[in-house]
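# Remarks on the overall topology
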Amino acid sequence: MNEPNLEQRLGELGERTLGLGASAGFRSRVLAAVAADAASAFGAELLRSARRLLPVGLALAVVCVAFAARDDAVSSAGLAAAEQNLELPW
């Protein structure tokens, strides 16, 4: 297709569609569709991120529990001995 013919056809198309316009409520429908698409895209991104971060979070939780369960704390026998040394006379 040569360029002068294309220009002529585009000009004719422009003249024929000059009177066309958006229907009532078109803008609000488009904005509502965009908002709905953005909300669903946000949910999909959140789920995709959660799939990646969940194993990392689980591994960190296991490491934290392992450190918390270590036997570096005062044992009950050591606590009982400390309480006996701190008894106050009545």
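Residues numbered from 1 in each chain as written. Predicted model: local features only at pLDDT ≥ 70, side-chain atom pairs only at ≥ 80, totals over all residues. Heavy atoms only, no water.

## Some points on the overall build of the protein
A count of helical and extended segments in the protein gives three helices and zero strands. Seen in sequence order, the protein has helices and strands lined up from the N terminus as α-α-α. Expressed as a percentage of its 90 residues, the buried residues of the protein come to 0%. (Helix = DSSP H or I, 4+ residues; strand = E, 2+ residues; numbered from the N terminus. Buried < 20%, exposed > 50% of the residue type's maximum accessible area, 1.4 Å probe, protein only.)

## What about helix 2 (residues 26-69)?
An α-helix turns once every 3.6 residues. As a result, residues three or four positions apart point the same way. Under the 1.5 Å per step criterion, the end-to-end length of helix 2 is 62 Å for 44 residues, consistent within 8% with the ideal 64 Å. The sharpest bend along helix 2 reaches about 35° and sits at Leu53, with the proline Pro55 one to four residues further on. (Expected span 1.5 Å × (residues − 1). Bend = angle between axes of the 7 residues up to and from the residue.)

## So, a nonpolar patch on the surface
A cluster of nonpolar side chains, contributed by Leu6, Leu10 and Leu13, occupies part of the molecular surface with about 250 Å² of accessible area. Structurally, Leu6 can be placed in helix 1 (residues 3-16). In this structure Leu6 comes out as partly exposed when scored by relative accessible area, which is 35%. (Patch = residues over 30% accessible without salt bridge, like charges linked within 9 Å, V, L, I, M, F, W, Y side chains within 5 Å. Areas by Shrake-Rupley, 256 points an atom, 1.4 Å probe, with all protein chains shown as cover. Salt bridge = Lys/Arg side-chain N within 4 Å of Asp/Glu carboxyl O.)

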